[in-house]
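# Notes for the structure review
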Amino acid sequence: MTLLTLENLTARRGPCAVLSGISLQVGTGECIGLIGPNGAGKTTLMRAALGLMRAEGQSSLAVLPPSVRATQAAWLPQSPEIAWPVTVRHLVALGAMARRGS
Amino acid sequence: MSFRFLILSLTALVALLFAASLVTGVAPVGPGESLVALISDDGGPLTMVMREIRLPRAILAVMIGVSLGLSGAAMQGFLRNPLAEPGLIGVSSSAALGAVLALQSGFAMAFTLALPFAALLGAVIGVAMILFLAGPGGGAFTLILAGIALSALTAALTSLLLNLSPNPFAANEIVFWMMGSLADRSFDHVWMALPIMAFGWLALARTGRGLEALTLGEDAAASMGFDLSRLRLVLLGGVAASVGAATAVAGAIGFVGLVVPHVLRPLVGGSSSRLLLASALGGAALLLAADVAVRLVLPGRDLKLGVVMALVGAPISLHLIWRMRGQS
């Protein structure tokens, strides 16, 4: 079964195309590592695939309504450290928030 | 410490301080006697004092403390910044400007609640300007900048009014009003502020899950299916209503919204949604305690609540900064 399909995905920052024409299929049980130097567009690809930024082309996840998408994809960004100390239990539980529903 | 135990202890603390606030005052009456007078229906002078002066004062302290604590926790969670506070978006300074305009123009004398009404109007205009300045899609950074700009503008206009005040008595009154106080408030103030504050509390209570998701940043929250621009609108509306109403009836009272969430955050394990309830209770407790303190330290001298709060709050802030420095 296919979990994610990208077709001809193009994402821009201003006039500059960061990604152009990316197509990809990810199926059940696959584990994929995305490797590239700084600025290659790894994060941009993830964000565009999730619909967190505007992009041309098709992403099977980005077209879903946000609440449905949240049950099918999780995103843990490489963010600056969390603003205040959070217990490990609490941090892990955050990942289940979208699935837990209420 | 479990969350339930924390909430129960804070509730008990608020109840205790509420009783302490009721039995504190200039009238030389014992605690038992004054509480009996509050309940009995004899229409005597002590019953009048208890029901018309001390009871609304204690109720307002709780309401304003809840508003400031809750708004502070919500603002810190939304901006993911432990130094954020409700005044940051300029609500209290625009409310203050509204009140100063009313005092200066004489509108404050037009009817009983003219002063808080003008302050509330100032807060509404301030928030409308913030929403307009920060735009629909702006992030935390834009919001902070817009808030700083608005605060600077309203503070300058307030100073200008004081500067050009033809009447030294009006200027004096303005300065005292801006210090923040709960003295000489009545149930009229309670009834005026309560519906607006309650609306704000309900709005802020609904932001808990969104704030929780924001712990990991805006992208992570968006990927969890939260509509961030809607969250921001609800949150700003809630802060504006509760803090606007609080400033309108009591003047500017700082530090509660900054210090209370900060102190309580470790006790809820860093959870932004649990912090909302804890902070609301903590704010009420701190404000009640400070309002008891102003009456005990200098009885009969009308020491201003905002002054005491800053005197207590500033050293706590310094201590927090000292501790943060040690950690990094």
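Predicted model, so just to flag it, every value in this text is computed and none were measured.

## Here we look at helix 12 (residues 256–264) of chain B
Counted residue by residue, helix 12 of chain B has 8 buried out of 9 residues, so it is predominantly covered. Within helix 12 of chain B the residues assigned to the buried category are Val256(B), Gly257(B), Leu258(B), Val259(B), Val260(B), Pro261(B), His262(B) and Leu264(B).

## Describing a nonpolar patch on the surface
All names here are of chain B. A cluster of nonpolar side chains, contributed by Phe-107, Phe-111, Phe-117, Leu-121, Ile-125, Met-129, Leu-153, Leu-157, Leu-160 and Leu-164, occupies part of the molecular surface with about 910 Å² of accessible area. For the nonpolar patch, the secondary structure elements donating two or more residues are helix 5 (114–134) and helix 6 (140–163). Note on placement: Leu-164 falls in the loop between helix 6 and helix 7 (168–178). On the basis of relative accessible area, Leu-164 is assigned to the exposed category, the value being 61%.

## So, the confidence of the model for chain A
In regions of low pLDDT, the predicted coordinates are not meant to be interpreted in detail. Residues of chain A with pLDDT of at least 70 account for 94%, and the chain-wide mean is 86. Predicted confidence in chain A is weakest over helix 4 (residues 97–100) of chain A, with a mean pLDDT of 67, and strongest over helix 1 (residues 42–50) of chain A, with 91.

## Quick word on the pattern of salt bridges
Residues and elements named next belong to chain B. Inspection of the entire model under this criterion finds 6 salt bridges over all chains. In this structure, Asp-291 engages Arg-295 in a salt bridge whose closest nitrogen and oxygen atoms are separated by 3.2 Å. Note that Asp-291 and Arg-295 are positioned in helix 13 (residues 272–297) at a spacing of 4 residues, about one turn of the helix. The exposure classification of Asp-291 matches that of Arg-295, with both residues buried.

## Looking at the UniProt feature "transmembrane region" (unreviewed entry) in chain B
Residues and elements named next belong to chain B. UniProt's entry tags residues 55–75, 87–107, 113–134, 141–162, 186–204, 233–256, 276–298 and 305–322 with the feature "transmembrane region" (unreviewed entry), counted in the numbering of this structure. Structurally, residues 55–75 comprises 100% helix and 0% strand, and the distance from its first C-alpha atom to its last is 30 Å. As annotated, residues 87–107 comprises 71% helix and 0% strand, and the C-alpha atoms at either end are separated by 25 Å.

Rules used throughout
- Residues numbered from 1 in each chain as written.
- Chains lettered and ligands numbered in written order.
- Predicted model: local features only at pLDDT ≥ 70, side-chain atom pairs only at ≥ 80, totals over all residues.
- Heavy atoms only, no water.
- Buried < 20%, exposed > 50% of the residue type's maximum accessible area, 1.4 Å probe, protein only.
- Helix = DSSP H or I, 4+ residues; strand = E, 2+ residues; numbered from the N terminus.
- Patch = residues over 30% accessible without salt bridge, like charges linked within 9 Å, V, L, I, M, F, W, Y side chains within 5 Å.
- Areas by Shrake-Rupley, 256 points an atom, 1.4 Å probe, with all protein chains shown as cover.
- Salt bridge = Lys/Arg side-chain N within 4 Å of Asp/Glu carboxyl O.
- pLDDT = per-residue confidence, 0-100.
- UniProt positions renumbered as here; feature names shortened; annotations may be inferred.

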